[in-house]
Amino acid sequence: MPRQNLNSDTTPVSVLRAVTRLGQNIARARIRRGLRQVDLAKKTGLALGTLKRIEEGSPTTALSAYFTVLWALGLEREFENLASPDRDEEGKTLELARQPKRVHPKADLDADF
């Protein structure tokens, strides 16, 4: 299967919006902390260009780079709820629909205790 490259043409619009919003949130958090882009880049070990792409909301920048910046800003607790199974209402509904209606005992069980 050929590798598929993500770009502005192939990335869904809702994903582009979310990544752009995340980049804006990261920029705001950095500014609130009084950090320059070069300081945050140095703290994370990322190239300054990578940090700039993160703040622009680039969909092609590695997810680990976004997470590293969030960690450096002290926002790593936000990771816990990302795609949490407890918050996946559609998944829970589908899982419940696949559950058997009745419980059938296994034939090889005996009453010896």
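The structure presented is a predicted model; accordingly, all values stated were derived computationally and were not measured.

Description of the overall build of the protein
The helix and strand tally for the protein stands at five helices and zero strands. In sequence order, the protein lays out its α and β elements as α-α-α-α-α. Looking at the protein as a whole, 23% of its 113 residues qualify as buried. For the protein, contacts bridging at least 24 residues in sequence account for 52% of all contacts bridging at least 6. Just so you have it, the protein exposes about 9400 Å², and 53% of that area is on carbon and sulfur atoms.

Some points on the packing of helix H1 (residues 13–32) against helix H3 (residues 48–56)
Any two packed helices are characterised by how steeply their axes cross, that is the angle between the axes, and by the distance between the axes. Where H1 meets H3, the closest approach of the two axes is 6 Å, and the angle between their N-to-C directions is 115 degrees. Touching Thr 20, Gly 23, Gln 24, Ile 26, Ala 27 and Arg 30 of H1 are Ile 54, Glu 55 and Glu 56, all from H3.

Overview of the side chain of Thr 61
Mapped onto the fold, Thr 61 is located in the loop between H3 and helix H4 (63–72). Accessibility expressed as a relative area gives 11% for Thr 61, which makes it buried. Reaching out from Thr 61, the side chain makes a polar contact with the side chain of Ser 58 at a distance of 3.2 Å.

Some remarks on unusual backbone geometry
It is generally the case that most residues other than glycine have a negative phi and that most peptide bonds are trans. Despite not being glycine, Ala 83 shows a phi value in the positive range, around 60 degrees. Note that Ala 83 resides in the loop between H4 and helix H5 (89–98).

Re the packing of H1 against H4
Closest axis-to-axis distance for the H1/H4 pair is 11 Å, and the angle between their directions is 30 degrees. Taken as axis vectors, H1 and H4 run roughly parallel relative to one another. In the packing of H1 onto H4, the handedness of the crossing is left-handed. Facing Val 19, Leu 22 and Ile 26 of H1, the residues of H4 in contact are Tyr 66, Val 69 and Leu 70. Grouping the amino acids of the contact of H1 with H4 by side-chain chemistry returns six nonpolar, no polar and no charged.

Comments concerning helix H2 (residues 37–44)
Residues separated by three or four positions in an α-helix point in the same direction, a consequence of the helix having 3.6 residues per turn. Regarding H2, the residues found buried are Leu 40, Ala 41 and Thr 44. All buried residues of H2 project into a common sector of 100 degrees when viewed along the axis, lining one side. Turned more than 90 degrees off the buried face of H2, the exposed positions are Lys 42 and Lys 43. In this structure, the buried residues of H2 make contact with H1, H3 and H4. With its phi angle positive at about 85 degrees, Gly 45 sits one or two positions after the end of H2.

Rules behind the numbers
- Residues numbered from 1 in each chain as written.
- Predicted model: local features only at pLDDT ≥ 70, side-chain atom pairs only at ≥ 80, totals over all residues.
- Heavy atoms only, no water.
- Helix = DSSP H or I, 4+ residues; strand = E, 2+ residues; numbered from the N terminus.
- Buried < 20%, exposed > 50% of the residue type's maximum accessible area, 1.4 Å probe, protein only.
- Contact = heavy atoms within 4.5 Å.
- Areas by Shrake-Rupley, 256 points an atom, 1.4 Å probe, with all protein chains shown as cover.
- Axes fitted to C-alpha atoms, helices over the stretch in contact; angles between N-to-C directions.
- Polar contact = N/O pair within 3.5 Å; in protein donor to acceptor, adjacent residues only side chain to side chain.
- Parallel < 35°, antiparallel > 145°, perpendicular 65-115°, else oblique.
- Left-handed = near helix turned anticlockwise from the far one by under 90°.
- Nonpolar A, V, L, I, M, F, W, Y, C, P; charged D, E, K, R; others polar.
- Arc of directions from axis to C-beta.

It is worth stressing that arrangement in space is one thing and function is another; only the former is reported here.
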